[in-house]
Amino acid sequence: MDYGMALALLGAGLAAALAGIGSAIGIGISGRSAAGVLTEKPERYGLLFVMVVLPGTQGFYGFLGAFMVMIKLNIFGGGLSTQLGTQLGLAILASCLPVGLAGMLSAIHQGKVCAAGILMAAKRPDMAFKAGVVYAVMVEVYAILGLLVTLFLLLFAIKWPAMAAAAGA
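Here is a short report on the structure shown in this document. It should be emphasised that the depicted structure is a prediction, and the values quoted were computed from it without experimental measurement. (Residues numbered from 1 in each chain as written. Predicted model: local features only at pLDDT ≥ 70, side-chain atom pairs only at ≥ 80, totals over all residues. Heavy atoms only, no water.)

## Here's the deal with the overall build of the chain
Step number 1: From N to C terminus, the chain includes six helices and zero strands.
Step number 2: Reading the chain from its N terminus to its C terminus gives the helix and strand order α-α-α-α-α-α.
Step number 3: Projected onto the principal axes, the alpha-carbon positions of the chain cover approximately 65 × 25 × 20 Å.
Step number 4: For the chain, with 169 residues in total, the buried portion stands at 44%.
Step number 5: For the chain, the proportion of contacts with a sequence separation of at least 24, taken over those separated by at least 6, is 87%.
Step number 6: Of the roughly 8400 Å² of accessible surface on the chain, 74% is carried by carbon and sulfur atoms.
Step number 7: Averaging the locations of the 9 positively and 5 negatively charged side chains of the chain gives two centres separated by 5 Å. (Helix = DSSP H or I, 4+ residues; strand = E, 2+ residues; numbered from the N terminus. Buried < 20%, exposed > 50% of the residue type's maximum accessible area, 1.4 Å probe, protein only. Contact = heavy atoms within 4.5 Å. Areas by Shrake-Rupley, 256 points an atom, 1.4 Å probe, with all protein chains shown as cover. Lys, Arg positive; Asp, Glu negative; His and termini not counted. Charge placed at Lys NZ, Arg CZ, Asp CG, Glu CD.)

## Section: the side chain of Ser-30
Step number 1: By the element assignment, Ser-30 lies in helix α1 (residues 3-40).
Step number 2: At a separation of 3.3 Å, a polar atom in the side chain of Ser-30 contacts the main-chain carbonyl oxygen of Ile-27.
Step number 3: Among the polar contacts listed, one links the side chain of Ser-30 to the backbone oxygen of Val-52, at a separation of 3.1 Å. (Polar contact = N/O pair within 3.5 Å; in protein donor to acceptor, adjacent residues only side chain to side chain.)

## As for a nonpolar patch on the surface
Step number 1: A grouping of Val-141, Tyr-142, Ile-144, Leu-145, Leu-148, Phe-152, Leu-155 and Phe-156 is seen on the molecular surface, where their side chains present a nonpolar patch of about 780 Å² in accessible area.
Step number 2: Tracing the chain through its elements places Ile-144 in helix α5 (residues 128-157).
Step number 3: Note on Ile-144: relative accessible area 34%, which makes it partly exposed. (Patch = residues over 30% accessible without salt bridge, like charges linked within 9 Å, V, L, I, M, F, W, Y side chains within 5 Å. Salt bridge = Lys/Arg side-chain N within 4 Å of Asp/Glu carboxyl O.)

## A short note on the packing of helix α3 (residues 57-72) against helix α4 (residues 86-123)
Step number 1: At a closest axis distance of 8 Å, the pairing of α3 and α4 adopts a crossing angle of 170°. It follows that α3 is roughly antiparallel to α4 by the angle criterion. Two secondary-structure elements touch here, α3 through Thr-57, Gln-58, Tyr-61, Gly-62 and Val-69 and α4 through Ile-92, Cys-96, Val-99, Gly-103, Ser-106, Ala-107 and Gln-110.
Step number 2: Looking at the contact of α3 with α4, its residues break down into six nonpolar, six polar and no charged. (Axes fitted to C-alpha atoms, helices over the stretch in contact; angles between N-to-C directions. Parallel < 35°, antiparallel > 145°, perpendicular 65-115°, else oblique. Nonpolar A, V, L, I, M, F, W, Y, C, P; charged D, E, K, R; others polar.)

## Regarding α4
The periodicity of an α-helix, 3.6 residues per turn, causes residues three or four places apart in sequence to face the same way.
Step number 1: With 38 residues, α4 ought to run about 56 Å at 1.5 Å a step, and its terminal C-alpha atoms sit 56 Å apart, in line with that.
Step number 2: At Leu-97, α4 shows its maximal bend, which comes to roughly 30°, and the proline Pro-98 appears one to four places after that position. (Expected span 1.5 Å × (residues − 1). Bend = angle between axes of the 7 residues up to and from the residue.)

## Some words on the packing of aromatic side chains
Step number 1: Evaluated as defined, the whole model comprises four aromatic pairs.
Step number 2: Their ring planes at 45° and their centres at 5.7 Å tell us that Phe-67 and Phe-76 sit as a pair that is tilted.
Step number 3: Ring geometry for Phe-152 against Phe-156: centres 6.2 Å apart, planes inclined by 40°, an arrangement best described as tilted. Here Phe-156 and Phe-152 lie together in helix α5, a separation of four residues that amounts to about one turn. (Phe/Tyr/Trp six-rings, centres within 6.5 Å; stacked < 30°, edge-to-face > 60°.)

## Examining the environment of Ala-66
Step number 1: Summarising the element assignment, Ala-66 is placed in helix α3.
Step number 2: In this structure the C-alpha to C-alpha distance between Ala-66 and Ala-91, which are 25 residues apart in sequence, comes to 14 Å.

Here it is as structure tokens:
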């Protein structure tokens, strides 16, 4: 495996790992708040569930970015033996950073917003969706923008070598 391929794989790994770490932290923050509220008001489980799991979407975005790199590198067809070159490997690594970093940071902050929404829903359940979920979705927008930048870079800015032909040869 050449250095460029290692950089590309590092990019794919960072996209999934950073966004996944952020999602885990975000869900941990919102989950702790929900557990506290549910000890006294278990009937609000369904109302709080969306706000607990919402920070988990960034992990899926990171996985999507990493999966896109794996497909383009023909990982599932034996593409690891292909030579990429350092410049292309760095370009792929850089392309993966928007979804990884935006996913990680937005998931953590979305968890905090969801925790506040959960606490508000304990006292004002009528405002749970209006304020709690809507505010959390506004944070989600920045994770989506990071995903879009990663996908646009991977699909349109990188000139991928003919991996399938190289793996089959």
